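Summary of structural features
Residues per chain are reported as follows:
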Amino acid sequence: MKRRTTRTAGTARTARTTTALAACTASAALLLAGCGEGAQGSNGSGGKVKVGLITKTDTNPFFVKMKEGAAQAAKAEGAELSTAAGKFDGDNEGQVTAIENMVAAGVKGILITPNDSKAIVPAVEQARKKGVLVIALDSPTDPQDAADALFATDNLKAGELIGAYAKAAMRGKEAKIATLDLAPGVAVGQLRHDGFLKGYGIKKGDPSVVCSQDTGGDQSKGQTAMENCLQKAPGINVVYTINEPAALGAYTALKAKGREKDVLIVSVDGGCTGTEAVKSGRIAATSQQYPLLMASKGVKAVTAYAMDGKKASGYVDTGVQLITDKPAAGVSAKDAAYGLENCWG
């Protein structure tokens, strides 16, 4: 409540003070709650609109940038941001607890990157039944409409871009492809993998894919996966990776075998470390996505809902751009300089 500059009757001032104190006292009893000026909504106390952000982990640079975007938007919107994360990639139980805590705290909306697209659905549905707007960021729930909306990179398109690039870069050479994937049952990983195949013009089970390994998106696991693939199929000449840490792990394994210059590595994410790897030539190309934009748009959607009651719905594409310093004929791309201006991490 803003202070007035003119004098008012003592009784009116006392009533306002009493009301404000009562609102703050009630809010303080809730986990993650707060009181103060900001965007107004139906939060009971009439204070700041409360927004929750739940990421897969709080250490991955992608989610660090997402949190930064949410914080910037919350400040601009006058909203109160609460954050939580899984203890590890795949920690569904931790995310369920975070949803329950945030609902109890009176958030108007929750932004979440699901660790388990299916297992998180019951908790999401319970939050929605209580009037909380739930927006999935980056990774969809399964089914997608279990959440009110999805703000994300088109991961299928991201895969298609690097698949089409790899096909063009090979210039008709026979491909022996290794796919270093994420993990079973994770939608974002499956979409990128399927997109790569589609962009390359091949289907699941094509004999040109000579090795597939899961990496969890981890650099050391990416290195081990690449080592395993080289033992299985020494002639590999194209490597698709779920993200840039896995790509750098693959590069390390290839370099140890003296193969780093004759194997094409393509990836997805567009983090600063990965984009630097594109600039240095360790990765040929990557599809860059924009986590800050996902989160900032999500916060704005929640504050808009608090103001007018209109819920965001459906899919909102937050963009993806192919980044390479080695352009391939017929494939649109921007260079690493652009990528470094827009990277994260």
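As a reminder, the structure under discussion sits directly above these lines.
None of these values were measured; they are calculated from a predicted model.

Calculation rules
- Residues numbered from 1 in each chain as written.
- Predicted model: local features only at pLDDT ≥ 70, side-chain atom pairs only at ≥ 80, totals over all residues.
- Heavy atoms only, no water.
- Helix = DSSP H or I, 4+ residues; strand = E, 2+ residues; numbered from the N terminus.
- Buried < 20%, exposed > 50% of the residue type's maximum accessible area, 1.4 Å probe, protein only.
- Contact = heavy atoms within 4.5 Å.
- Areas by Shrake-Rupley, 256 points an atom, 1.4 Å probe, with all protein chains shown as cover.
- Pairing = 2+ DSSP bridges.
- Right-handed = clockwise from strand over helix to strand, strands pointing away.
- Core = buried A, V, L, I, M, F, W, Y, C linked by side-chain atoms within 4.5 Å.
- Expected span 1.5 Å × (residues − 1).
- Polar contact = N/O pair within 3.5 Å; in protein donor to acceptor, adjacent residues only side chain to side chain.
- Phe/Tyr/Trp six-rings, centres within 6.5 Å; stacked < 30°, edge-to-face > 60°.
- Lys NZ or Arg CZ within 6 Å of the ring centre and 35° of its normal.
- Axes fitted to C-alpha atoms, helices over the stretch in contact; angles between N-to-C directions.
- Salt bridge = Lys/Arg side-chain N within 4 Å of Asp/Glu carboxyl O.

Here we take up the overall build of the protein. Helices and strands together make up the secondary structure of the protein, namely eleven helices and twelve strands. Counting the 345 residues in the protein, one finds 50% classified as buried. Contacts in the protein between residues far apart in sequence, at least 24 positions, make up 72% of those at least 6 positions apart. Total accessible area on the protein is roughly 15,900 Å²; 51% of this is exposed by carbon and sulfur atoms.

Sheet topology note: the strand β6 (residues 177-181)/strand β7 (residues 209-214) ladder contains five bridges and is parallel. By the bridge assignment for β7, L180 is matched with Q213. The parallel pair β6 and β7, bridged by helix α6 (residues 187-200), forms a crossover whose chirality is right-handed.

Turning our eyes to something else, we now look at unusual backbone geometry. Among all residues save glycine, negative phi is the norm, and among peptide bonds the norm is trans. Residue P143 is bonded to the preceding D142 through a cis peptide linkage, with omega at 10°. Its place among the elements puts P143 in the loop between β4 (133-137) and β5 (149-152). Notably, R171 is not glycine yet its phi reads approximately 50°, a positive angle. Structurally, R171 is set in the loop between α5 (155-170) and β6.

Judged by nonpolar contacts, the single largest core of 28 residues is most densely connected at Y165, F196, Y200 and V266. Broken down by secondary-structure element, the contributors of at least two residues to this core are α5, α6, β8 (238-241), β9 (264-269) and β12 (320-324). With six residues, α5 is the largest single contributor of residues to this core. Those residues in contact with V266 that sit more than four places away from it in its chain are I162, Y165, A166, F196, V239, Y240, T241 and A285. Counting residues in each nonpolar core, the second largest holds 25 residues, with M66, A73, L111 and W344 among its members.

For helix α8 (residues 244-256), with 13 residues, the first-to-last C-alpha span of 18 Å sits near the 18 Å given by 1.5 Å per residue. Here α8 has its buried residues at E244, A246, A247, L248, G249, A250, Y251, A253 and L254. Buried positions along α8 lie against β6, α7 (219-232), β8, β9, α9 (272-280) and β10 (285-289). The N-capping residue of α8, defined by a side-chain oxygen 3.1 Å from the backbone nitrogen of A246, is N243. Taken from the residues just after α8, G258 is the one with a positive phi, measuring 70°.

With that settled, consider the packing of aromatic side chains. Scanning the model with the defined rule gives four aromatic pairs in all. Measuring from centroid to centroid gives 5.0 Å for F196 and Y240, while their planes differ by 25°, and the two rings are stacked. Of this pair, F196 sits in helix α6 while Y240 sits in strand β8, and the two are 44 residues apart along the sequence. What makes F196 buried here is its relative accessible area of 0%. A relative accessible area of 0% means that Y240 is categorised as buried. The structure contains a cluster of three or more aromatic residues connected by ring pairs, namely F62, F63 and W344. Geometry around Y305 places K108 over its ring, the cationic atom sitting 4.9 Å from the centre. The ring of Y338 has K334 sitting right over it, with the charged end atom 5.1 Å from the ring centre.

Between the first and last C-alpha of helix α10 (residues 291-308) there are 26 Å, a value that for 18 residues agrees with the 26 Å anticipated at 1.5 Å per step. Here α10 has its buried residues at P291, M294, A295, S296, G298, V299, A301, V302, T303, Y305 and A306. Against the buried residues of α10 lie β1 (50-55), α2 (61-77), β3 (109-112), β4, β5 and β10. Looking one or two residues beyond α10, the residue adopting positive phi is G309, at roughly 80°.

Taken in spatial order, the six strands of this open sheet run β7-β6-β8-β9-β10-β12, and their pairing is mixed. Two strands bound the open sheet, and with one partner strand each, they are β7 and β12. Taking the axes of each pair of neighbouring strands and ignoring which way they run, one obtains an average angle of 15° across the sheet. This element, α7, spans β6, β7 and β8 of the sheet and lies at about 150° to β7.

Following the criterion strictly, the structure yields six salt bridges and no others. For the salt bridge of D148 with R128, the shortest nitrogen-to-oxygen distance reads 2.9 Å. Placement of D148 in the loop between β4 and β5 and of R128 in helix α4 (residues 121-129) is noted, with a sequence separation of 20 residues between them. For R259, the salt bridge identified is with D262, shortest N-O distance 2.8 Å. The partly exposed category is assigned to D262, whose relative accessible area is 42%.

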